[in-house]
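# Geometric and topological summary
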Amino acid sequence: MSARAPASRVGGIRLLGAMMGCVAVVAVSIACHPTTASAQEDYDLILRRGRVVDGSGNPWFRADVAIRGDRIVAVGDLGNARAREEIDASAFVVAPGFIDTHSHAAQGLSTPGLSHGRPLLAQGITTVIVNPDGGGPVDLGQQARALAAENRPPRPDELEAMAGLVRRGMEDGGFGLSSGLFSAPGTFATTEEIVSLARVAAERGGVYASHIRDESDYTVGVVAAVDEVIRVARDSGLRGVVTHIKALGPRVWGYSAALVQRIEGARREGVEVFADQYPFTASATGLVDAVIPRWAEVGGRDSLLARLADPELRPRIQADAAVNLARRGGADRIQFRSHPPDRSIEGKTLADVAAERRMDPIEATLALATDGAPAIVSFNMLEDDVVTLMKQRWVMTCSDGDLVPMGEGVPHPRTYGTFPHKIRRYVLEREILSLEDAVRSMTSLPAKVFRIDDRGVIRPGAYADLLLFDPEQLAYEGTYQDPHHLAQGIAYVWVNGHLATANHRFTGELAGRVLAPAATGTTR
């Protein structure tokens, strides 16, 4: 059975389905069956005297936290209260489970081999938001598939049909819309088209999360691309999220200040705009998306292959690809994550592969693009920009990570280490953020932006998604060349009141739920 929530494709836009109520998710949408404490016991569990970082951003405080069933029922000095189980939490931070606002883990979670979600639990992630970047499962007929392959505005009847799909998806529990405007076919959608569909999502309080049209200076430029999200939020009346916000490539290094200025200005005007971010200076995408010009992709992969084989068009593709590669900082800044036709290149740079094949890097790129769709890590960000954006109160934490079998390919380290890495490097080592602010960006802020009821906070009535950890023990030992390591330091994880990790060991308990937005008032 699938653990994915339903999503619909709308041109290059998809419904943000799927809030996994925990990453150790059962493959059916069922609630847990909490036991009831006996008359002699006040609670199922009490965490005693922990250092509570409650998700709000407020300073930590010492308190007991009591759980009954799937909820937190008391926070404070519980004195002589009794529970079936007690844990001395005095050496630990007690925090809400982390919420990953941009995750590609849905496919992995829907497979028997990865439904346990252990790489995510090891980071303290208890909720993921999936189907980002205009991606996810497609639930349209032939007409919509045909539309996605054409670079033209939709006809009025087509736009009406697309709006109907959005409305149906929202009624079925979608959290909003996601778009991938940098990649084909999403890049062919106009702002007006997105605004029209966003207005439908706004009817039910939805959010619009966008992999923006340009994170560098490929087309409109990163500043104008952020402005587009602001416009969609303003004109449609919903919340806009610039997802995995960044200034990508040497040509736009330092532009973070302009992005902050734009978003701060919009917020002062009353426009709800937010962003999320992964705490790394390398991004991950596909080689085709990074280097091949969009005009060459119009019509889909078959059309791209035909243009690559056309002796009249190939020189133009080469010239445009050379400019795009320069935007990324050159061939030595591109590292291959996966390429099933030739696994031997995984972990190597484009410069390495070109040298081995005795080819120019652009020719090597076109050859690899012809063979398949190589996935890459791209080392193209300035840490000063990462820090400038991270410090903003409207920036959430995300991984943009996949969930893959251990040892498969060479994925970006964000897959395994995003949340502990952010605390280790930017709270403890560089002191960019306080622990309270970092946890807020991972918990209550995402819950508020995505309207997730009763999660991301520690308070009576909230769901018992909880973590115990010693910040000094948080670590991720993986590297870009050797990423397959679980994060360390999260000692205990509770999901919906059930213990998923105990004393750094996975319990095997699968207590996840697929969530519905607060507007629907239901949990599926």
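This report concerns the structure included in the present document. What you are looking at is a predicted structure, and each value in this text was computed from that prediction instead of being measured. Just so you know, the residues in each chain are numbered from 1, in the order the chain's sequence is written. Per-residue local features of the predicted model are confined to residues with pLDDT of at least 70, and side-chain atom pairs are confined, for both listing and counting, to 80 or more; whole-chain, interface and lining totals are unaffected and use all residues. With hydrogens and water stripped out, all remaining heavy atoms of the structure feed into the side-chain values.

Moving on, we get to the overall build of the chain. For the purposes of this entry, the term helix denotes a DSSP run of H or I that reaches at least four residues, the term strand denotes a run of E that reaches at least two, and both are numbered from the N terminus. Check the secondary structure of the chain and you find 16 helices and 23 strands. For the chain, the residues scored as buried account for 58% of the 524 residues in total. Contact criterion: two residues are considered in contact whenever any of their non-hydrogen atoms come within 4.5 Å of each other. At a minimum sequence separation of 6, the contacts of the chain that also span at least 24 residues come to 76%. Exposure classes here rest on a 1.4 Å probe applied to the protein chains alone. A residue is buried below 20% of its type maximum, exposed above 50%, and partly exposed in between.

A word on the environment of Tyr 255. For Tyr 255, the position within the fold is in the loop between strand S13 (239-242) and helix H7 (256-268). The partly exposed category is assigned to Tyr 255, whose relative accessible area is 36%. C-alpha separation for the pair Tyr 255 and Ser 216, spaced 39 residues apart in sequence, amounts to 9.4 Å. In contact with Tyr 255, not counting residues within four places along its chain, are Val 222, Val 223, Ala 247 and Asp 385.

The next point concerns unusual backbone geometry. Omega for the bond connecting Ala 184 with Pro 185 falls within 30 degrees of zero, at 5°, which places this linkage in the cis form. Structurally, Pro 185 is set in the loop between strand S11 (176-180) and helix H5 (191-202). A positive phi angle, near 70°, is found at Asn 131, a position not held by glycine. Mapped onto the elements, Asn 131 comes out in the loop between strand S10 (125-130) and helix H3 (142-148). The class of Asn 131 is buried, set by a relative accessible area of 5%. In this structure, Asp 400 is a non-glycine residue whose phi angle is positive, near 55°. When you line up the elements, Asp 400 lands in the loop between strand S18 (395-397) and helix H14 (414-429).

A side chain with one charge can pair with a side chain of the opposite charge if their charged atoms come near. Salt bridge criterion: a side-chain nitrogen from Lys or Arg within 4 Å of a carboxyl oxygen from Asp or Glu. According to the stated counting rule, one finds 30 salt bridges in the structure shown. Here Arg 213 makes a salt bridge to Glu 228, at a shortest N to O gap of 2.8 Å. Of this pair, Arg 213 sits in the loop between strand S12 (207-211) and helix H6 (222-236) while Glu 228 is found in helix H6, placing the two residues 15 residues apart along the sequence. Side by side, Arg 213 and Glu 228 carry an identical accessibility label, which is buried. The partner of Glu 215 in a salt bridge is Lys 246, and the shortest N-O contact between them spans 3.1 Å. Here Lys 246 lies in the loop between S13 and H7 and Glu 215 lies in the loop between S12 and H6, a separation of 31 residues in the sequence. Each member of the pair Glu 215 and Lys 246 is classed as buried.

On to the packing of helix H10 (residues 314-327) against helix H12 (residues 361-371), then. Angles run from 0 to 180 degrees between N-to-C directions of axes, and those axes are lines fitted to C-alpha atoms, restricted for helices to the stretch in contact. Interaxial distance between H10 and H12 falls to 10 Å at its minimum, and their mutual angle equals 110°. When the axis of H10 is compared with that of H12, the two are roughly perpendicular. The two elements H10 and H12 cross, and the hand of that crossing is right-handed. Contacts between H10 and H12 pair Arg 314, Ile 317, Gln 318, Ala 321, Ala 322 and Leu 325 from the former with Pro 361, Ile 362, Glu 363 and Leu 366 from the latter. If an angle is under 35 degrees, it is roughly parallel; if it is over 145, roughly antiparallel; if it lies from 65 to 115, roughly perpendicular; otherwise it is oblique. In a left-handed crossing the near helix is turned counterclockwise from the far helix by less than a right angle, and in a right-handed crossing that turn is clockwise.

Right, let's talk about the packing of aromatic side chains for a bit. Within 6.5 Å between ring centres, the rings of Phe, Tyr and Trp (the latter by its six-membered ring) count as paired, and their orientation is classed by plane angle as stacked under 30 degrees, edge-to-face over 60, tilted in between. If you walk through the whole model with that rule in mind, you get six aromatic pairs. Taking 4.8 Å as the distance between ring centres and 70° as the angle between the ring planes, the aromatic pair formed by Phe 379 and Tyr 480 counts as edge-to-face. Of the two residues, Phe 379 is situated in strand S17 (residues 375-379) and Tyr 480 in the loop between strand S19 (466-469) and strand S20 (490-495); the sequence distance between them amounts to 101 residues. Phe 379 gets classed as partly exposed once you look at its relative accessible area, which sits at 21%. For Tyr 480, a relative accessible area of 18% translates into the label buried. Among the aromatic residues, ring-to-ring pairing joins Phe 92, Tyr 492 and Trp 494 into one connected group. Its guanidinium or amino end placed over the ring of Tyr 463, Arg 71 lies 3.7 Å from that ring's centre, counting from NZ or CZ. Here, a charge over a ring means that NZ of Lys or CZ of Arg falls within 6 Å of the ring centre while also lying within 35 degrees of the ring normal. Looking at Arg 316, its charged tip hangs above the ring of Trp 295, at a distance of 3.8 Å from the centre.

Moving on, we come to the nonpolar core. Buried residues of nine kinds, namely Ala, Val, Leu, Ile, Met, Phe, Trp, Tyr and Cys, make up a nonpolar core once their side-chain atoms join them within 4.5 Å. Core analysis: the largest hydrophobic core is formed by 52 residues, its most contacted members being Tyr 208, Val 242, Ile 263, Val 449 and Phe 450. Top element by residues in this core is H6. It accounts for eight residues. In this structure Val 242 touches Ser 210, Ile 212, Val 226, Val 229, Ile 263, Phe 274, Ala 275 and Asp 276, once residues within four positions along its chain are discounted. One finds Ala 95, Tyr 426, Met 442 and Ile 490 within the second-largest nonpolar core, a separate group that totals 33 residues.

By the criterion of burial, S10 is predominantly enclosed, with six of the six residues buried. At least two bridges found by DSSP between two strands is the condition for calling them paired. One ladder, built from four bridges, connects strand S9 (residues 98-103) with S10; its direction is parallel. Bridge pairing in S10 links Asp 100 to Val 128.

Running from N to C, helix H13 (residues 383-390) and H14 cross one another at 95°; their axes reach a closest spacing of 13 Å. When the axis of H13 is compared with that of H14, the two are roughly perpendicular. Contacts between H13 and H14 involve Glu 383, Val 386, Val 387 and Met 390 from the former and Lys 422, Arg 425 and Tyr 426 from the latter.

A few words on the sheet that holds S17. Taken together, three strands build an open sheet; the order of strands is S15-S17-S16 and the sheet is antiparallel. Since the sheet does not close on itself, it has two edges, and those belong to strand S15 (282-286) and strand S16 (334-338), each with one partner. Taking the axes of each pair of neighbouring strands and ignoring which way they run, one obtains an average angle of 30° across the sheet. The pairing of S15 with S17 spans five bridges and is antiparallel. Directly across from Thr 285, in S17, lies its bridge partner Ile 376.

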